[in-house]
Amino acid sequence: MTASVHAAHLAQLNVATLLFPLDDPRMAPFVEMLDPVNTAADGAPGFVWRLVEEGAADATALRPAGEDVIVNLTVWETPEALWDFAYRSGHLEAMRRRREWFERHVEAHLVLWWVPAGHLPTVDEALERLADLRANGPSSRAFTFASSYTAAEAAQHLRTVPQGQS
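Every value quoted in this text rests on a predicted model; they were computed, and no experiment measured them. (Residues numbered from 1 in each chain as written. Predicted model: local features only at pLDDT ≥ 70, side-chain atom pairs only at ≥ 80, totals over all residues. Heavy atoms only, no water.)

### What about the environment of P138?
Assignment of secondary structure puts P138 in the loop between α4 (123-136) and α5 (155-158). Sequence separation between P138 and R98 is 40 residues; the distance between their C-alpha atoms is 24 Å. If near-sequence neighbours (up to four positions away) are discounted, P138 is found in contact with L133, F143, S147 and Y149. (Helix = DSSP H or I, 4+ residues; strand = E, 2+ residues; numbered from the N terminus. Contact = heavy atoms within 4.5 Å.)

This is the structure in structure tokens:
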């Protein structure tokens, strides 16, 4: 985890519904991108943390949102750091090709929210934020790049970290 002077960090969850199982040959180009993209994320300026299954290099085997849904949960120092990684790195190639591997979503599949620096969100917390965005639309509690809020605007939510978590 990268140290930060920021009082708040930006958490990000995105979910993707697989068109085919990960071991299907049609998914091979995506699977081949996983290690290089994850390595790039780990070294990206402003990167703090990403969800990884215990004993694995990534979180693709975790299926908390459904058997055919993969999740990506990360924390970044700033929205700009996440944006730069997502849209100005090798990650962009995976995004350009996503229709080859994933269903088109009819509801929100990406949610952003502010967390206190040092807090690592749980998958349950992340899925709850996505559900909030889907049910209520963007707010300072759960938003997207297109409808973003600052950490100051979300300050009331920074104090509502679930009991027992830091």
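### As for α4
The terminal C-alpha atoms of α4, which comprises 14 residues, lie 20 Å apart, in line with the 20 Å expected from a rise of 1.5 Å per residue. Among the residues of α4, V123, E125, A126, R129, L130, D132 and L133 are the ones counted as buried. The first or second residue beyond α4 is G137, which carries a positive phi of 80°. (Expected span 1.5 Å × (residues − 1). Buried < 20%, exposed > 50% of the residue type's maximum accessible area, 1.4 Å probe, protein only.)

### Looking at the pairing of strand β1 (residues 8-17)
In terms of burial, β1 is largely enclosed, as nine of its 10 residues are buried. Judged from the seven bridges that link them, β1 and strand β4 (residues 110-116) form a sheet pairing that is antiparallel. Counted as the bridge partner of N14 is L110 from β4. With eight bridges connecting them, β1 and strand β3 (residues 69-76) associate as antiparallel partners. Following the sheet pairing, V15 is matched in β3 by V71. (Pairing = 2+ DSSP bridges.)

### Quick notes on the pattern of salt bridges
Evaluation of the coordinates by the stated rule reveals eight salt bridges. For R88, the salt bridge goes to D84, with nearest N and O atoms at 2.4 Å. D84 sits in the partly exposed class, given a relative accessible area of 33%. Between R97 and E100 there is a salt bridge, and its shortest N-O distance comes to 2.9 Å. According to the relative accessible area criterion, R97 is partly exposed, its value standing at 24%. (Salt bridge = Lys/Arg side-chain N within 4 Å of Asp/Glu carboxyl O.)

### Quick word on the nonpolar core
Counting residues in hydrophobic clusters, the biggest one holds 25 residues, and the most contacted among them are F30, W76, F102 and W114. Of all the secondary-structure elements, those providing two or more residues to this core are β1, α1 (28-43), β3, α2 (79-87) and β4. Looking at this core, the element that brings in the most residues is α1, giving five residues. Beyond its immediate sequence surroundings of up to four residues, W114 is in contact with A8, H9, L10, E77, P79, F143, Y149, T150, A151, A154 and L158. Residues A11, W113, V115 and V123 belong to the second largest nonpolar core, which totals 19 residues. (Core = buried A, V, L, I, M, F, W, Y, C linked by side-chain atoms within 4.5 Å.)

Just geometry here; none of it tells us what the structure is for.
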